[in-house]
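Now for the letters of each chain:
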Amino acid sequence: MIDLRSDTVTKPSDEMRDAARNADVGDDVYRDDPTVNQLEAAAAAAVGMEAALFVPSGTMGNQIAVRVHTERGNELLLDSESHIYRWELAGAAQLAQVQTRIIDSGDRCVPTPAQIHDNYVAEDLHRPGTGLLTLENTHNYRGGTAVPKDAIDAAATAAHELDVPVHLDGARLFNAAVALETPAPDLLEHVDTVMFCLSKGLGAPIGSILAGPQSFIDQARRTRKLLGGGMRQAGIIAAPGLLALENIDRLGDDHKRATRLAAGLDEIAGLAVPTPDTNIVVVDSSDADLSASEFVAECAGVDVLGGAFNEYITRFCTNWDVTDADIDVAIDRIDSVLH
Ligand SMILES: *Cc1c(COP(=O)(O)O)cnc(C)c1O
């Protein structure tokens, strides 16, 4: 089975399992877990932020950020294809009680400064006030796009001119950093807070990081408790997270494999596959008159797993457990599906 559904499907390495077993632990709600404390310090340094908080998932990290940055009834400004808008169960409405105002950023993946100014709402007797701008890098639904620093900087600067804070959903931030050859802290120069996942391409079994200024993280820690995310001997899962931080450079291998997969699939009549920036390959099967759900089912029939993104678009995501040889086999098998 070649599992390309996501970069979350990887199994922890023996090294990670050993690290979990041997981790020095304590009750993290009392801040007594040395391994969690070490992970939070290392993670803050990796993104160039003052402080960090270990959270069970990327979704929780984003939702804590939205809630801490905003007042109830504010507006949240974000791209119409962003994860926070599309894939988090309307958490912004349910948990932060904010109203979303979506902007179609197109291939740019982040709103332009003009779009931010046009969609900004000043608070008054009738209007809710814009409380937060969120950005995403890499941009998952727009094809794993690595958004360049200048576009992030321009959006964040425009928001700050309006006194609006900026949170970046960087579930795959390090994929962007590697693809753009720009250190993560540089990509975040004008961003206030960031979430990134340890459990995606970096290979940890569990966990994400929310990072930002100390005062923000202090509030975030309370909100994590509110959401039921206060964990006890969490060093058991933080120890693999520390090893995951050492896997950043390895992400380039996933990108090369994704590029190779895309090139191979693009040669198959009926499939259109753009060259990916990172580890996400999006396949358009409309020319073959094959819906994404049919295509995914046919691929599963030959032991290659992907996921339907929408009616005609399927996502394949390279990851730690997929080798160069697997990519060649996947291309051949998918070719057989189309013939
Ligand atoms: C995966 C993902 C998340 C959520 O992370 P989970 O750990 O699955 O909750 C958030 N944003 C983006 C862009 C993602 O790809």
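Residues numbered from 1 in each chain as written. Predicted model: local features only at pLDDT ≥ 70, side-chain atom pairs only at ≥ 80, totals over all residues. Heavy atoms only, no water.

(A) Spotlight on the overall build of the protein chain. A tally of helices and strands in the protein chain yields 14 helices and twelve strands. Relative to the globule expectation of 20 Å for 339 residues, the C-alpha radius of gyration of the protein chain, 20 Å, shows essentially globular dimensions. When its C-alpha atoms are laid out on the principal axes, the protein chain stretches across 60 × 55 × 35 Å. Expressed as a percentage of the 339 residues in the protein chain, the buried residues total 56%. By element, 47% of the accessible surface of the protein chain is carried by carbon and sulfur atoms, the whole surface being about 14000 Å². For the protein chain, the distance from the average position of its 26 positive side-chain charges to the average position of its 53 negative side-chain charges is 7 Å. (Helix = DSSP H or I, 4+ residues; strand = E, 2+ residues; numbered from the N terminus. Rg over C-alpha atoms; globule rule 2.2 N^0.38 Å. Buried < 20%, exposed > 50% of the residue type's maximum accessible area, 1.4 Å probe, protein only. Areas by Shrake-Rupley, 256 points an atom, 1.4 Å probe, with all protein chains shown as cover. Lys, Arg positive; Asp, Glu negative; His and termini not counted. Charge placed at Lys NZ, Arg CZ, Asp CG, Glu CD.)

(B) Broad picture of the sheet that holds strand β11 (residues 307-308). Read from one edge to the other, the open sheet built from three strands follows the order β9-β12-β11, with strand pairing classed as antiparallel. Among the strands making up the open sheet, the edge pair consists of β9 (280-284) and β11. Across two bridges, β11 lies against strand β12 (residues 313-317) in antiparallel orientation. Its bridge partner being in β12, G307 is matched across the sheet by R315. Across the sheet, helix α12 (residues 251-266) touches β9 and β12, and the angle it forms with β9 is around 15°. The strands touched by helix α13 (residues 292-301) are β9, β11 and β12; relative to β12, the strand with the most contacts, the crossing angle is about 40°. (Pairing = 2+ DSSP bridges. Contact = heavy atoms within 4.5 Å. Axes fitted to C-alpha atoms, helices over the stretch in contact; angles between N-to-C directions.)

(C) Representation of the site of the ligand in the model. G58, T59, D169, R172 and K200 are the nearest of the 13 residues found near the ligand. Secondary-structure elements contributing two or more residues to the shell around the ligand are α3 (58-69) and β7 (193-197). With three residues, α3 is the single largest residue contributor to the shell around the ligand. (Near = heavy atom within 4 Å.)

(D) Geometry of helix α8 (residues 173-180). Turning to α8, its buried residues are L173, F174, N175, A176 and A177. Looking at the buried residues of α8, the elements they touch are α2 (34-47), β6 (166-169), α9 (184-187), β7 and α12. Backbone geometry just downstream of α8 places E181 in the positive-phi region, at approximately 50°.

(E) Geometry of unusual backbone geometry. Each neighbour pair has its own omega, and for N137 with T138 the value is -5°, a cis peptide bond. Notably, Q97 is not glycine yet its phi reads approximately 55°, a positive angle. Mapped onto the elements, Q97 comes out in the loop between α5 (91-94) and β4 (99-103). By relative accessible area, which is 45% here, Q97 ends up partly exposed. The backbone phi angle of D303 is positive, close to 65°, even though this residue is not glycine. With respect to the helices and strands, the residue D303 is situated in the loop between α13 and β10 (304-305). Its relative accessible area of 33% is what places D303 among the partly exposed residues.

(F) Representation of the environment of A220. Structurally, the position occupied by A220 is in helix α10 (residues 214-226). Given a relative accessible area of 0%, A220 falls into the buried group. Along the backbone, A220 and I209 are eleven residues apart, and their C-alpha atoms lie at a distance of 11 Å. The contacts of A220, once residues within four sequence positions are left out, are L53, I64, V68 and L210.

(G) Spatial organisation of the pattern of salt bridges. Applying the stated rule across the entire model yields 16 salt bridges. Residue R221 is joined to E40 by a salt bridge in which the shortest nitrogen-to-oxygen separation is 3.3 Å. A residue pair is termed long-range when its members are at least 10 positions apart, and R221 in helix α10 and E40 in helix α2 qualify at 181 residues. The exposure classification of R221 matches that of E40, with both residues buried. In the salt-bridge network here, residues are joined through shared partners; they are R257, R260, D324 and D328. (Salt bridge = Lys/Arg side-chain N within 4 Å of Asp/Glu carboxyl O.)

(H) Seen up close, the packing of aromatic side chains. The final tally for this structure, using the stated rule, is four aromatic pairs. An angle of 55° between the planes, with centres 5.7 Å apart, marks the rings of W87 and Y141 as tilted. Residue W87 is found in the loop between α4 (83-86) and α5, and its partner Y141 is found in the loop between β5 (130-136) and α7 (149-161); the two are separated by 54 residues along the sequence. Judged by its relative accessible area of 37%, W87 is partly exposed. Overall, Y141 belongs to the buried group, its relative accessible area being 12%. With a centroid separation of 4.6 Å and 55° between ring planes, the pair formed by Y141 and F309 is classed as tilted. Note that Y141 is positioned in the loop between β5 and α7 and F309 in the loop between β11 and β12, a separation of 168 residues in sequence. Grouping aromatic residues by their ring pairs yields a cluster made of W87, Y141 and F309. In this structure, R86 packs its charged tip against the face of Y141, placed 4.0 Å from the ring centre. (Phe/Tyr/Trp six-rings, centres within 6.5 Å; stacked < 30°, edge-to-face > 60°. Lys NZ or Arg CZ within 6 Å of the ring centre and 35° of its normal.)

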